Each structure stands twice: as C-alpha cells, then as structure tokens.
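For reference, the chains in residue letters:
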Amino acid sequence: MTYDFLVIGSGPGGYVAAIRAAQLGLATALVEKNERFGGTCLNIGCIPSKALLDSSELYARLRGSGGSGGHGPDIRSHGIKVGRLELDLEAMMARKQQVVEKLTSGVGRLLEANGVDTFQGTGRLLGQGAVEVVPEKGSKQTLNSKSIILATGSVPATLPIFPVGEEGFLTSTEALSLTSVPSRLAVIGAGAIGLELGSVWSRLGAEVTVIELLDQILPGMDSEISRRLRSILGRQGLEIVTGTRVLGYEKAGKAKGGILLAAEAKDGKKLEFPADLVLVAVGRKPYTDGLGLAELGVKTEENSGRVPVDERFQTSLAGVYAIGDLIRAPMLAHKAEEEAIAVAELLAGKAGEVNYGTIPSVVYTWPELASVGKSEEALRQEGVQYNKGTFPFRANGRALAMASEDGLVKILADKGSDRLLGVHIVGPWASDLIAEAVAVMEFGGSAEDIARTVHSHPTLTEALREAALDAEGRAIHILSRKTG
Ligand code: NAI
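Predicted model, so just to flag it, every value in this text is computed and none were measured.

Sorry, what's going on with the overall build of the protein chain here?
Within the protein chain one finds 14 helices and 22 strands. In terms of C-alpha radius of gyration, the protein chain reaches 24 Å, essentially the compact-globule figure of 23 Å for 484 residues. Considering only C-alpha atoms, the protein chain reaches an extent of 65 × 65 × 50 Å along its principal axes. Expressed as a percentage of the 484 residues in the protein chain, the buried residues total 53%. By sequence separation, contacts in the protein chain at least 24 residues apart represent 62% of the contacts at least 6 residues apart.

Here you go:
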C-alpha cells in the first residue's frame, strides 16, 4: 500500500499531524520507535514535569515553606493546621507515571479511532517516498508514501565539560525520576527546564543553586517580568546566580556533596558550588540521528542541527517535510501542534499557516510566568512607540483570597493604533490567563478591546483588564500613572 502521509515521530507534532491528515481523508501512517506514543512531551517532558510540579507545590504549601513568596504564606494563615507531614516520593513518582500512561495510551486510541496505521520501529528515509522501519523485534519493512513528515523532536544539549549520563550528572530525563531527594542540587542553565525542575526539588527539600551564564534568568523574556520572577523564586529559597560560567568540576569528599563545581563570575571572581547532583539544562538540539538525512542530501544547519524548511514545511528534498523541534522557532509543544495542523492541511490542498507572532511561552514555576508577543526591550530596540499598562496581583480580589498575590500583568500596546504588541504575566495561573491575550492578538485586537470586555468578578482575569485600562491611564483599582 502507498500512503499519502507518513509521519516519523509521535510527539505533539507527529501525532497531531497524523490525526489531522486522517481527518482530511489522507491515507496516513505513523512510525514511532518507542513503546509508547507521545514523544518527549508526554513521556519525559511537559506532562511528567507538570505532574511533579503540582505534587511538589502541594507539599510545599502544606509544609508552609516558601516564605511570603510564590507558594503563598504558611498554610496556617488559611486556618489549616497540619500534623506530621511526610513525603512519599515513590508514590509521587508512581502518580506521575500514571498520568503519563493515561495520556500516552489515550493518544494510541485516538490514532486508531482516526484510522491511522501505526508502526513500531525506527524510521529511516530510503529516498523520496520510501521509509524503512526497523522494529526492536522482528524484521524490517519498507513503507511508501507520497509525503513524508519528519517530527522526531529534540534531545537535551550537553556541555563537553560534563559527563552527562555518568553518576551525579543528569539531564531533565533523569531529574524527573530521582528515587531520593538530593541534599544539594546544582542546575546549570536558568531556562524553563532549570527553573521548573529546580523548583520541584527545592520544594521537596533539596538545596538548589541555579547557575546561569547570561545576566538574567529566562534570557529573551521581558526583563522586568524575569526580574520579578527571580526575586520571588529567591524568596522561596532557590539560589540563583547569573552572569557565571561553570568551568569544570572535581570529585569532592562526601562533606562537599561529592561534586565541586568551579565557576567564574563576569568580574573574574572565582566561585565554587558543592553539589551531590548536577542537572545540565542548557537547551535542546534537534534529533535527527539515524534518519538518513545526510545520505539523501537533506540539508541541516551546521551549528544548530536544525532542518531548514520552506513556508510549506518542505525540506531541501521534495516530498519530505519537517515540523516541531527539528525546525526554526522555539522548541514548544504547542508550536509543533500548530505546524502539524498546518502541514496536514497544506498537503490536503487547504490553506494552512502558523502565526509565529502569537506563540505564548509559559514557565510553570509558582507563580507562573507567561508571555506572548514582544518584550519591552524588543520594542525599544525596534524603535516602536508603545503604551504600557501594569497591574499588580496584590490589588486583585481573587489573588488575595487565594493568598497568591505575588506578581503582575504587563500590557504593551502600539502608541498610535493601540494594537496589542505584547503581554507578560508573572502570577497565579498565568499559563491560563495568557490565552485571552493570545486570542486578542490573533484577531489583531487592541488594549481597548480587553479594557471594554466584561471580565467575571472576582477572577484573576480582571488583572488583565486593569492592566489594559492602565495602558490608557484609567485603571480603577490602582492609581494609574496618567489620568484621562
Ligand atoms: P533554554 O534554552 O530555555 O535555557 C537554557 C539556559 O541555559 C539559557 O538561559 C542559557 O543562557 C543557559 N546556558 C547555556 N549555556 C550555559 C552554560 N554553559 N552555563 C550556564 N548556563 C548556560 O533550555 P532548557 O531550559 O534546557 O529547555 C530546553 C527547551 O525545552 C527550550 O526550548 C524550552 O523552551 C523547552 N521547554 C519548555 C518548557 C515550557 O514551555 N514550560 C519547559 C521545559 C522545556
């Protein structure tokens, strides 16, 4: 049989592309080398990390740790007294795994229900229209398809100075499955992974130090928002050191945790960080091993390893397409899903496109950070004139009722047209709040549109409306800088 649409990889890019193609009537196949569908996101990324973030957040709240920072004040301020509190890490990990299994088996059922043929094995391009599938057991086979979609995702980037994989040195994969809480965890890199997994283990009782090369955590994010999150995480007990390069390590005695990291600050000051575990979280790189790209002359970028594609997601080889972490733009599951739908629609003869200007970013610390559009720095650099509105959660009734008043909403709108250019939030459930901003930006809407939309009271969403009002100097629940 010759398929119309064959996907290699079943992460949020691959499985969504297969389902959408099948919905559109294309004869669709999906090749996955792992036992379970779902790729990094469902198995060893977004989903298990969120399960552990939620579990550890509950634990931290009950323990009353976190000072006046993100976890909210001591649970006793709610009038709840907790007796002896115990951590059952094994049960916490088992629950995380149950969540993973529920979702990954659900993906399998969805693929089947949509009539997608699935093949277990490693896929390799044989040429235009042909893919070889090598299963773990049994014999290999060749599948033919008019179009082949590469959706093989990414793997953690490593640093040559660290023997990741050896005892003591972890990537995010291992850091999601530790069997005991480390006493001292050093995290290299203050990106999303470093801050999320650093938070998990800090809440569970580890002393965590995050060491970042650049001058701010979450480089590239709006710096006011990133600074605010840094200060809240600091109050929760996370030690964050920026502008610092790790030079190497030596194995140290037990008293120093087993590993001693040597680092250098920007001003040349030498620093040492003892740790019993080191998590390397310095980014991810496209995963194309064994796909046979070089043999067939499919181009990849020399430094990044990314696969260049045209506006229809076609690689340098006709009939071969790529989406998700393999290609340009941020490595995010929801971005891969959008590209998945677009490529399926394009190949079914429909219009399909991705608006890269409205892809939100979320960091699931507590409070959460969420952002869409341009940062204030980017607008200044581009010479764009803008109005800025902010609103602190401490002036929001629902946030006070929740005892989660740390953070703010910041709205940036074009000075002339009022069109929304960027929205940045650090605060409770920022991950959900950002959806309103994304929708308004998707429609080319303005700050005024948010300001004139009814928001239920009392909700966290009112903070967004108030920030929009503040952009025009007419917030109700704070004193706006301008009035009029
Ligand atoms: P990242 O690229 O987000 O952050 C890596 C950090 O490491 C950067 O701040 C970088 O400046 C720093 N760094 C690089 N080299 C360093 C060095 N030698 N020493 C110290 N710091 C160094 O990468 P991360 O956090 O590993 O995540 C990988 C990918 O997965 C990213 O694309 C991220 O967006 C995605 N992801 C997204 C999540 C989310 O949306 N919540 C959660 C986890 C990952």
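Sorry, what's going on with the nonpolar core here?
Soluble, globular proteins show a tendency: their nonpolar side chains are buried together. Membership of the largest hydrophobic core comes to 51 residues, with the highest contact counts inside it found for Phe-5, Leu-111, Leu-150 and Phe-313. The element best represented in this core is helix 1 (residues 12-23), accounting for seven residues. What Leu-150 contacts, discounting residues up to four positions off in sequence, is Ile-8, Leu-125, Leu-291, Leu-293, Val-320, Tyr-321, Ala-322, Ile-323 and Leu-326. One finds Leu-178, Ile-240, Val-363 and Leu-408 within the second-largest nonpolar core, a separate group that totals 37 residues.

Teacher, can you tell me more about the packing of helix 3 (residues 46-63) against helix 6 (residues 192-203) here?
Helix packing geometry: the angle between the two helix axes and the distance between the axes. In contact at an axis separation of 8 Å, helix 3 and helix 6 are set at 40 degrees when each is read in the N-to-C sense. The hand of the helix 3/helix 6 crossing is left-handed. Taking contact as the criterion, the partners of Ser-49, Lys-50, Leu-52, Leu-53, Ser-56, Glu-57, Tyr-59, Ala-60 and Arg-63 in helix 3 are, on helix 6, Glu-196, Ser-199, Val-200, Ser-202 and Arg-203.

Help me understand a negative patch on the surface, please; the structure alone is not making it clear to me.
A cluster of acidic residues, Glu-337, Glu-338, Glu-353 and Glu-442, forms a negative patch at the surface. Mapped onto the elements, Glu-442 comes out in helix 12 (residues 430-442). The exposure class of Glu-442 is partly exposed, given its relative accessible area of 45%.

What is the right way to look at the domain arrangement of the protein chain in this model?
Accessible area lost on assembly of the parts is the figure often given for the size of an interface. Taken domain by domain, the protein chain holds domain 1 (2-44 + 95-155 + 285-357), domain 2 (169-282) and domain 3 (367-470). Put simply, the middle of domain 1 and the middle of domain 3, counted by C-alpha atoms, are 35 Å apart.

I'm lost on the environment of Gly-79 in this one. Help?
Within the fold, Gly-79 resides in the loop between helix 3 and helix 4 (89-113). With relative accessibility at 67%, the residue Gly-79 sits in the exposed group. Residues Gly-79 and Ala-275, 196 residues apart in the sequence, show an inter-C-alpha distance of 37 Å.

Whenever I open this one, the site of the ligand confuses me. Can you help?
Taken together, 21 residues form the shell around the ligand, and within it Ile-193, Glu-196, Glu-212, Gly-283 and Val-362 come nearest. Ile-193 has a polar backbone atom sitting 2.9 Å from an oxygen atom of the ligand. Within the backbone of Leu-213, a nitrogen or oxygen atom sits 3.2 Å from a nitrogen atom of the ligand. Looking at the shell around the ligand element by element, the count peaks at three residues for helix 6. Looking at the shell around the ligand, its residues break down into 15 nonpolar, three polar and three charged.

So what exactly am I meant to see when it comes to the sheet that holds strand 9 (residues 184-188) here?
Overall, parallel pairing links the five strands, which are arranged 8-15-9-10-11 in an open sheet. Two strands in the sheet have a free side with no partner beyond their single neighbour: strand 8 (169-170) and strand 11 (239-241). Sheet topology note: the strand 8/strand 15 (residues 277-280) ladder contains two bridges and is parallel. When the sheet's bridge partners are listed, Leu-170 is paired in strand 15 with Leu-279.

Help me understand the pattern of salt bridges in this model?
Once the charged atoms of two side chains with opposite charge are near each other, the side chains can pair. Tallied over the entire structure, the rule returns 23 salt bridges. Lys-140 serves as the salt-bridge partner of Glu-132, at 3.6 Å between the closest nitrogen and oxygen. Under the relative-accessibility criterion, Glu-132 is labelled buried at 10%. The exposure class of Lys-140 is exposed, given its relative accessible area of 53%. Here the salt bridges share partners, and the residues they tie into one network are Asp-222, Glu-224, Glu-376, Arg-380, Lys-388 and Lys-410.

Is there a simple way to explain the sheet that holds strand 19 (residues 368-373) in this structure?
The strands that make up a sheet pair up through hydrogen bonds in the backbone, lying either parallel or antiparallel. Overall, antiparallel pairing links the five strands, which are arranged 18-19-22-21-20 in an open sheet. Pairing within the sheet leaves two strands with one partner each, and these edge strands are strand 18 (361-363) and strand 20 (386-392). Averaged over all neighbouring strand pairs, the angle between strand axes comes to 10 degrees, with direction disregarded. Both strand 19 and strand 22 (residues 420-427) contribute to a ladder of six bridges, which runs antiparallel. Its bridge partner lying in strand 22, Gly-373 is registered against Gly-422. Running over the sheet, helix 12 touches strand 18, strand 19 and strand 22 and is turned about 10 degrees from strand 19.

Would you mind showing me how to read the packing of helix 3 against helix 4 here?
With their axes 9 Å apart at the nearest point, helix 3 and helix 4 run at an angle of 140 degrees to one another. In terms of their interaxial angle, helix 3 and helix 4 are classed as oblique. Of the two elements, helix 3 crosses helix 4, and the hand of that crossing is right-handed. Where helix 3 approaches helix 4, its residues Ile-47, Pro-48, Ala-51, Leu-52, Ser-55 and Ser-56 are matched on the opposing element by Met-92, Met-93, Arg-95, Lys-96, Val-99, Val-100 and Leu-103. Residue composition of the contact of helix 3 with helix 4, grouped by class: nine nonpolar, two polar and two charged.

How do you make sense of helix 12 when you look at a structure like this?
Three or four residues apart is the spacing at which side chains of an α-helix point the same way, because the helix has 3.6 residues per turn. For helix 12, spanning 13 residues, the distance from its first C-alpha to its last is 18 Å, which sits close to the expected 18 Å at 1.5 Å a residue. The set of residues buried in helix 12 consists of Ala-430, Ser-431, Leu-433, Ile-434, Ala-437, Val-438, Val-440 and Met-441. Looking at the packing, one finds that the buried side of helix 12 touches strand 18, strand 19, strand 22, helix 13 (447-451) and helix 14 (462-471).

Help me understand the pairing of strand 13 (residues 259-265) in this model?
Consecutive side chains along a regular strand alternate between the two faces of the sheet. Within strand 13, five of the seven residues are buried, which leaves the element mostly enclosed by the surrounding structure. Taken together, the seven bridges between strand 12 (residues 244-251) and strand 13 define a ladder with antiparallel strand orientation. Bridge pairing links Thr-244 to Ala-265 in strand 13. In sequence, strand 13 turns back onto strand 14 (residues 270-275) through a hairpin of four residues, with Gly-268 there showing a positive phi of about 90 degrees.

Reading the values: rules and limits
Residues numbered from 1 in each chain as written. Predicted model: local features only at pLDDT ≥ 70, side-chain atom pairs only at ≥ 80, totals over all residues. Heavy atoms only, no water. Helix = DSSP H or I, 4+ residues; strand = E, 2+ residues; numbered from the N terminus. Rg over C-alpha atoms; globule rule 2.2 N^0.38 Å. Buried < 20%, exposed > 50% of the residue type's maximum accessible area, 1.4 Å probe, protein only. Contact = heavy atoms within 4.5 Å. Core = buried A, V, L, I, M, F, W, Y, C linked by side-chain atoms within 4.5 Å. Axes fitted to C-alpha atoms, helices over the stretch in contact; angles between N-to-C directions. Left-handed = near helix turned anticlockwise from the far one by under 90°. Patch = residues over 30% accessible without salt bridge, like charges linked within 9 Å, V, L, I, M, F, W, Y side chains within 5 Å. Areas by Shrake-Rupley, 256 points an atom, 1.4 Å probe, with all protein chains shown as cover. Salt bridge = Lys/Arg side-chain N within 4 Å of Asp/Glu carboxyl O. Lys, Arg positive; Asp, Glu negative; His and termini not counted. Charge placed at Lys NZ, Arg CZ, Asp CG, Glu CD. Domains from an automatic or database assignment. Near = heavy atom within 4 Å. Polar contact = N/O pair within 3.5 Å; in protein donor to acceptor, adjacent residues only side chain to side chain. Nonpolar A, V, L, I, M, F, W, Y, C, P; charged D, E, K, R; others polar. Pairing = 2+ DSSP bridges. Parallel < 35°, antiparallel > 145°, perpendicular 65-115°, else oblique. Expected span 1.5 Å × (residues − 1).

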